[in-house]
Number of protein chains: 2
Amino acid sequence: MNIAQIAQARYTTKAFDPERKIPEEIVEQLCAVLRNAPSSVNSQPWHFIIADSPEAKARVAKATQGGFSYNEAKLRNASHVIVLCGRARLDDAHLDAVIAQENSDGRFATPEAMAMQDKTRRFYVNLHQNEMKDDRSWIERQIYIALGGLLLAAGAVNVDACPMEGFDAALLDAELGLAAQGLSSVVLVALGYRGADDFNASLPKSRLAEAVLFTRL
Amino acid sequence: MNIAQIAQARYTTKAFDPERKIPEEIVEQLCAVLRNAPSSVNSQPWHFIIADSPEAKARVAKATQGGFSYNEAKLRNASHVIVLCGRARLDDAHLDAVIAQENSDGRFATPEAMAMQDKTRRFYVNLHQNEMKDDRSWIERQIYIALGGLLLAAGAVNVDACPMEGFDAALLDAELGLAAQGLSSVVLVALGYRGADDFNASLPKSRLAEAVLFTRL
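Because the structure is predicted, anything quoted here is derived from the model rather than measured. Residue positions within a chain follow its written sequence, with the count starting from 1. Going through the entries in the order they are written, you letter the chains from A and number the ligands from 1. Owing to the predicted nature of the model, reporting of local features is limited to residues with pLDDT of at least 70; listing and counting of side-chain atom pairs is limited to 80 or more, with chain, interface and lining totals taken over all residues. Values shown for side chains rest on all heavy atoms present in the structure; no hydrogens or waters enter the calculation.

Considerations on the nonpolar core
Here is step 1 of the chain: The criterion is simple. A nonpolar core is a set of buried Ala, Val, Leu, Ile, Met, Phe, Trp, Tyr and Cys residues joined through side-chain atoms within 4.5 Å. Here the term buried applies to any residue with accessible area under 20% of the maximum for its type, exposed to any over 50%, and partly exposed to those in between, with areas from a 1.4 Å probe on protein chains only. Grouped together as the largest cluster of nonpolar side chains are 86 residues, with contacts concentrated most on Leu-84 of chain A together with Leu-84 of chain B.
Here is step 2 of the chain: Any two residues whose heavy atoms approach within 4.5 Å at even a single point are treated as in contact. Not counting chain neighbours up to four residues away, the residues in contact with Leu-84 of chain A comprise Leu-34, His-47, Phe-48, Ile-143, Ala-146, Leu-147, Ser-184, Ser-185, Val-186, Val-187 and Val-189 of chain A.

This is the structure in structure tokens:
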């Protein structure tokens, strides 16, 4: 299948087979897609928490208390659950780590090039954090780049997926101690293989018509 | 290449070859990836504007006036530029169009199933638009799912890409008359083939270490 066919064929799985696990080499491929996801000024404002044991998935599933119980079984029966987290602040420690990594990876021919890259990134981080004050939504948008890549990549390796915004983020953050790590949960993805009870598997995908979605200037 | 290798190999192109055009069948594949991108409650809160003539790209490039001139050449020299837009409001007309499309695509066995789907989507749209009042950032996040898929898909079909947040959105919205269409520009992607002057092509990609980015619960 080409990438368009993969995008067409993938869909949101509503029920997972609790007996099937994703092979470790496939999980590693999906983690590589997350790690290599692009982000504005290479800010990498994210952290990914992976739950694959019954105990770990149950901890994530606690966040379905209240109005989100419809997501509990997906989180418990999936092979792997990924909690996509955002960094609360892109502070000096984080920005220093990013520039040091870029330097050790060999991206700078001169100290001046390194200083320029650091300055540019700090300019945009400061713009969002201190001037526009939209850093929370800016960071969340970057995380959704990673999410979009992950969902398409899952389709490419025949892994079924269900992205979920429906969970109690404050409850999950408390359960996982995220605030103390400077993180907060943004969105969840359950990964695995559809169960026989996945009603969505047999339904046709629906998208608005091309003429509605696209304009050629 | 497998999908992890594609994600690793793709990078942000800083200079395009102005002579090379993306074949139409590849553009169609990338549009299919955009069209099939998932979104919360299948809200599809987006519209994609494609500029590929010199005149059309010049109109988009007007939005680099002011502090964004560093992006002008990318927009002019790329083969295709896509303006990813968000809908200002997910109003009744839009929600009616989505449910009608889902119905005509055959997703509902009964009128009750259709009514339930419509009710669920309206519940979440109302939640974001009227209760949480975060509909703008919610919609933008969905658009970044499409962005993430597009960038990975471009890598899969050997198309180079440069996503850009650095443009004057108000200016572009005025140039393209987006407000009258209930739209606003969110992010740009230039697509094409790297030029010989793309300094980023020869630099190694840099990402924070796995141990920094991932936790296994």
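Describing the UniProt feature "domain: Nitroreductase" (unreviewed entry) in chain A
Here is step 1 of the chain: UniProt positions are given in the numbering used here, feature names are shortened, and annotations may be inferred rather than shown by experiment. Mapped onto this structure's residue numbering, the UniProt feature "domain: Nitroreductase" (unreviewed entry) falls at residues 8–193 of chain A.
Here is step 2 of the chain: Runs of E in the DSSP output that reach at least two residues are strands. Runs of H or I that reach at least four are helices, and both are numbered from the N terminus. Taken end to end, residues 8–193 of chain A comprises 49% helix and 16% strand; its first and last C-alpha atoms sit 17 Å apart.

Thoughts on helix α8 (residues 169–176) of chain B
Residues and elements named next belong to chain B.
Here is step 1 of the chain: Within α8, the full set of buried residues consists of Leu-172, Asp-173 and Leu-176. Around the axis of α8, the buried residues are gathered within 100° of arc, so they sit on the same side. α8 presents Ala-170 and Ala-174 as exposed residues on the side facing more than 90 degrees away from its buried surface.
Here is step 2 of the chain: Packing partners of the buried residues in α8 comprise β1 (46–51), α3 (54–61), β2 (80–87) and β4 (183–192).
Here is step 3 of the chain: The residue sitting at the N-terminus of α8 and contributing the capping side-chain oxygen is Asp-168; that oxygen lies 3.2 Å from the backbone nitrogen of Ala-170.
Here is step 4 of the chain: Phi for Gly-177, located one or two positions after α8, is positive at around 65°. Here, the arc refers to the directions that run from the helix axis to the C-beta atoms. Distance and chemistry together define a polar contact, namely a pair of N or O atoms within 3.5 Å, with one atom able to donate a hydrogen and the other to accept it when in protein, and with adjacent residues in sequence counting only for side-chain atoms on both sides.

As for the sheet that holds strand β3 (residues 160–164) of chain B
Here is step 1 of the chain: Strand pairing is assigned whenever DSSP detects at least two bridges linking the two strands. With respect to topology, five strands assemble into an open sheet ordered β5(A)-β1(B)-β2(B)-β4(B)-β3(B), the strand pairing being mixed. At either margin of the open sheet sits one strand with a lone partner, and together these are β5 (214–216) of chain A together with β3 of chain B. Direction aside, the axes of adjacent strands within the sheet are offset by 25° on average.
Here is step 2 of the chain: Here the axes come from fitting lines to C-alpha atoms, over the contacting stretch only for helices, and the angles between their N-to-C directions go from 0 to 180 degrees. Along the sheet, helix α2 (residues 24–35) of chain B makes contact with β5 of chain A together with β1, β2 and β4 of chain B, crossing β5 of chain A at roughly 150°.

Some details on the pattern of salt bridges
Here is step 1 of the chain: Salt bridges are identified by distance alone: a Lys or Arg side-chain nitrogen within 4 Å of an Asp or Glu carboxyl oxygen. Per the counting criterion, the structure on display carries 26 salt bridges over all chains.
Here is step 2 of the chain: The partner of Asp-134 of chain A in a salt bridge is Arg-141 of chain A, with the nearest N and O atoms 4.0 Å apart.
Here is step 3 of the chain: Residue Asp-134 of chain A is classed as buried on the basis of its relative accessible area of 16%.
Here is step 4 of the chain: Residue class for Arg-141 of chain A comes out buried when judged on its relative accessible area of 8%.
Here is step 5 of the chain: Linking Arg-121 of chain B and Glu-102 of chain B is a salt bridge whose minimum nitrogen-to-oxygen distance equals 2.8 Å. Residue Arg-121 of chain B is found in helix α6 (residues 111–131), and its partner Glu-102 of chain B is found in helix α5 (residues 92–104); the two are separated by 19 residues along the sequence.
Here is step 6 of the chain: What makes Arg-121 of chain B buried here is its relative accessible area of 0%.
Here is step 7 of the chain: Its relative accessible area of 1% is what places Glu-102 of chain B among the buried residues.
Here is step 8 of the chain: Counted as one network, the salt bridges with shared partners bring together Asp-92, Asp-96, Asp-118 and Arg-122 of chain A.

Quick notes on the environment of Arg-87 of chain B
Here is step 1 of the chain: By the element assignment, Arg-87 of chain B lies in strand β2.
Here is step 2 of the chain: Those residues in contact with Arg-87 of chain B that sit more than four places away from it in its chain are Val-212 of chain A together with Gln-44, Pro-45, Trp-46, His-94, Ile-139, Gly-182 and Leu-183 of chain B.
Here is step 3 of the chain: A distance of 3.2 Å separates the side chain of Arg-87 of chain B from the side chain of His-94 of chain B, its partner in a polar contact.

Here we look at the pairing of strand β4 (residues 183–192) of chain A
Residue and element names in this part refer to chain A.
Here is step 1 of the chain: Counted residue by residue, β4 has 10 buried out of 10 residues, so it is predominantly covered.
Here is step 2 of the chain: As paired strands, strand β2 (residues 80–87) and β4 are joined by eight bridges and run antiparallel to one another. The residue of β4 that forms the bridge with Arg-87 is Leu-183.
Here is step 3 of the chain: Judged from the five bridges that link them, strand β3 (residues 160–164) and β4 form a sheet pairing that is antiparallel. Within β4, the position partnered with Ala-161 by the bridge is Leu-191.

Some remarks on unusual backbone geometry
All names here are of chain A.
Here is step 1 of the chain: Phi is positive for Asn-158, which is not a glycine, with a value near 60°.
Here is step 2 of the chain: Counting through the fold element by element, Asn-158 comes out in the loop between α7 (135–156) and β3.
Here is step 3 of the chain: The exposure class of Asn-158 is exposed, given its relative accessible area of 57%.

Quick notes on the relation of the copies chain B and chain A
Here is step 1 of the chain: C-alpha atoms of residues with pLDDT of at least 70 in both copies form the basis for the least-squares superposition of the copies. The two copies are related by a screw operation: chain B maps onto chain A through 180° of rotation and 0.0 Å of translation along the axis, at an RMSD of 0.0 Å. Such a combination of turn and shift is consistent with a two-fold rotation axis.
Here is step 2 of the chain: When the interface residues of chain B are mapped onto chain A, 100% of them again lie at the interface, so the same face is used by both copies.

Points about the sheet that holds β2 of chain A
Here is step 1 of the chain: Judged by pairing direction, the sheet is mixed, and its five strands sit side by side in the order β3(A)-β4(A)-β2(A)-β1(A)-β5(B) without closing on themselves. In the strand order of this sheet, the two ends are held by β3 of chain A together with β5 (214–216) of chain B, each with one partner. Adjacent strand axes in the sheet meet at a mean angle of 25°, parallel and antiparallel pairs treated alike.
Here is step 2 of the chain: With three bridges joining them, strand β1 (residues 46–51) of chain A and β5 of chain B adopt parallel strand pairing. Within the sheet, the bridge partner assigned to Ile-49 of chain A lies in β5 of chain B and is Thr-215 of chain B.
Here is step 3 of the chain: Sheet contacts for α7 of chain A: β1, β2, β3 and β4 of chain A; angle to β4 of chain A, the most-contacted strand, approximately 10°.

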